[in-house]
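Architecture and fold: a report
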Amino acid sequence: MPLPPSPAVAASYPEWQSSRTGRFLALLFLFAVVASWRLAEVRPLALVQAEALHNLFAFASGMFPPAHSAEFLKTVARPVMQTIQMALLGTLLAALLGIPLALLATNSLSFAGPLHDMARRSPLAWVLTRLPYTCARLLLNLLRSIPELVWALLFVRALGLGAAPGVLALAVSYGGMLGKVYADILEAVPSAPLEALQSTGASRLQLVLYGWLPQVWPNMLAYTLYRWECALRAAALMGFVGAGGIGQQIELSMRMFEYHEAVSLIAIIFALSALMEWLGDILRRSLV
Amino acid sequence: MYTLQGVSKIYPNGCTALQAIDLHLAAGERVALIGPSGAGKTTLFRMLNCTLRPSSGTLTIGGVESTRLYGKRLRHLRCRIGTIYQQHNLVPRLRVMHNVLAGHLGHWSTLRALISLLRPLELGTAVTALRQVGLAEKIFQRTDHLSGGEQQRVAIARTLVQDPEVILADEPVASLDPVLSESVVRLLLDLATRGHKTLLVSLHSVHLALEYFPRLIVLQQGRLVYDGPPQALSSAALQELFIDTPGDASPEAHVHAPSSVARSGRFLP
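Here the structure is a predicted model, which means the values were calculated and not measured. (Residues numbered from 1 in each chain as written. Chains lettered and ligands numbered in written order. Predicted model: local features only at pLDDT ≥ 70, side-chain atom pairs only at ≥ 80, totals over all residues. Heavy atoms only, no water.)

In low-pLDDT regions, the fine details of the predicted coordinates are not to be read closely. Taken over all residues, the pLDDT of chain A has a mean of 88, while the share at 70 or more is 97%. Ranking the helices and strands of chain A by mean pLDDT puts helix α8 (residues 163–187) of chain A first, with 95, and helix α1 (residues 7–12) of chain A last, with 75. (pLDDT = per-residue confidence, 0-100. Helix = DSSP H or I, 4+ residues; strand = E, 2+ residues; numbered from the N terminus.)

Here it is as structure tokens:
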């Protein structure tokens, strides 16, 4: 509710008072947008100036026709396969990492809400229930904040060049993202069916199996499929830092000004992305 | 079985749901609970089934004080108490058989619970229970595809599978038609009498309470205002209490011979 109809109404209903916070936040957001625009010196008109247009045209004309010789395609076949494999394995490992962390990071599983009214009230119990939650949330934050390319650099230093550092980089950074979203989905589950299950004597793990998982797995699966698609694009970039995939080939082609090769590779990524989106749709519709 | 002394419950948002309740329920008693909406009936049920802790006063369940109930002991006690909630007490996306078999969770290990999700264990118990509430054909359907009344009966089936010593029913017949309501109440009473179970049922229908229950307690604005045989409550007092209740508010009109369908306690197709 944005604005009360009259001061008399605002005075008699306390709910209008709380909407003042909402209005203040909206104004703050608007101010932030304007300030960011000025600070970032966004000038879209610069794109249509003569020099910029000339550069763009030179870039674009070098791209066509895209490279499609048999020799070229044979060279890039293996890196393309590697990219697909990196994306799949990376996302799978990320989900395996994200699920346990998400369970720890769900406050309604550990201490929040009506399920825990009968829990012990001692200070020790308070710490023991909140500590894993805080640690899990902090860890997920950390994993997410470091960009996957930086993780890739780290792992390349540790393990050398190749696809393995790329997979690990994806697993770790995407694990953080998946874990956070899984935890948010888990926390949004309505507590009434869970309370009913708990009243039959179900243990916490049984509550997760019968109460939480059935209500959240479609959402979790949908988000994981979306992340799998993003992982493909991220895996394509890993090569820029030597962590496998076609990124290395793209970088090489760009550096040698062989733009037509670069655009072929990008077209391949686009096709793969579209294919995965289609596969994901079929999977989602058949399982839900 | 239950002893409440000066029990109050104040929710974190400041709302006082119950005030200074003194109540004693012996094992095997059959009690009806009546009260206008917002009187604190659901809060009382949630306290009796070990979901909520009293804000003040003492609550003793089966000889153990509620503040000393934790972990395994709490779980075993909850296993012996079955609750039928007013609404939203089933997991919507699960199939009916899993919701009904959840009644076993109190004594199943986590591994058995997991296996049952993949391949239902002890399915016969679920079939028997569903037959008793007349929903045997819906066993493989998804719970959220059933109507409100059917879902309520599935919840009752779950309690039948759990086979607890105490049955707490919070308005179990609220979404059912009058004939079905009477059948369900008779079913619960039948179970309680045959199994020597303690039964506490909250009802909006004054006539059902007066006809079938030897003891009546009345809640109003969080306070217990009457505790005794239903016949002793004057009709004037009842009228005053239920001035807003829809349906049969007149206690005089409650007496009638139940039909043969309702008498058997089972549902004929």
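The next thing to look at is the nonpolar core. Formed by 114 residues in total, the largest nonpolar core has its most connected members in Tyr210 and Trp212 of chain A together with Leu130 and Phe213 of chain B. The dominant element in this core, judged by the number of residues it contributes, is helix α10 (residues 204–238) of chain A, at 17 residues. Setting aside its immediate chain neighbours within four residues, leucine 130 of chain B contacts Val96, Val100, Leu135, Ala136, Ile139, Val154 and Ala157 of chain B. With 31 residues, the next largest nonpolar core counts Tyr2, Leu48, Leu52 and Leu200 of chain B among its residues. (Core = buried A, V, L, I, M, F, W, Y, C linked by side-chain atoms within 4.5 Å. Buried < 20%, exposed > 50% of the residue type's maximum accessible area, 1.4 Å probe, protein only. Contact = heavy atoms within 4.5 Å.)

Next up on the list: the environment of leucine 39 of chain A. If you trace the backbone, leucine 39 of chain A turns up in helix α2 (residues 15–39). As for leucine 39 of chain A and tyrosine 182 of chain A, which are separated by 143 residues in sequence, their C-alpha atoms are 35 Å apart.

A separate point is the sheet that holds strand β2 (residues 16–25) of chain B. All names here are of chain B. Spatially, the four strands line up as an open sheet ordered β2-β1-β4-β5, and their pairing is antiparallel. Looking at the sheet topology across the chains shown, the edges are occupied by β2 and β5 (64–65). Bridge count for strand β1 (residues 2–10) against β2 is six bridges, and the pairing is antiparallel. Among the inter-strand pairings, threonine 3 is bridged to a residue of β2, identified as histidine 24. Against the sheet, helix α1 (residues 41–48) engages β1, β2 and β4 (56–61), with an angle of about 125 degrees to β1. (Pairing = 2+ DSSP bridges. Axes fitted to C-alpha atoms, helices over the stretch in contact; angles between N-to-C directions.)

Moving on, we come to the domain arrangement of chain B. Residue and element names in this part refer to chain B. Domains assigned within chain B are domain 1 (1–80 + 164–269) and domain 2 (90–162). Summing the contributions of domain 1 and of domain 2, the shared interface buries around 1,300 Å²; its carbon and sulfur component is 63%. Counting across the interface, domain 1 meets domain 2 through zero salt bridges. At the boundary of domain 1 and domain 2, one finds four residue pairs in polar contact (both at pLDDT 80 or more). Among the elements of the structure, α2 (71–79) and α7 (178–195) are those that each provide at least two residues to the side of domain 1 that touches domain 2. At four residues, α7 tops the list of elements feeding residues into the side of domain 1 that touches domain 2. Residue composition of the side of domain 1 that touches domain 2, by class: 10 nonpolar, one polar and three charged. (Domains from an automatic or database assignment. Buried area = accessible area lost by both parts, 1.4 Å probe. Salt bridge = Lys/Arg side-chain N within 4 Å of Asp/Glu carboxyl O. Polar contact = N/O pair within 3.5 Å; in protein donor to acceptor, adjacent residues only side chain to side chain. Nonpolar A, V, L, I, M, F, W, Y, C, P; charged D, E, K, R; others polar.)

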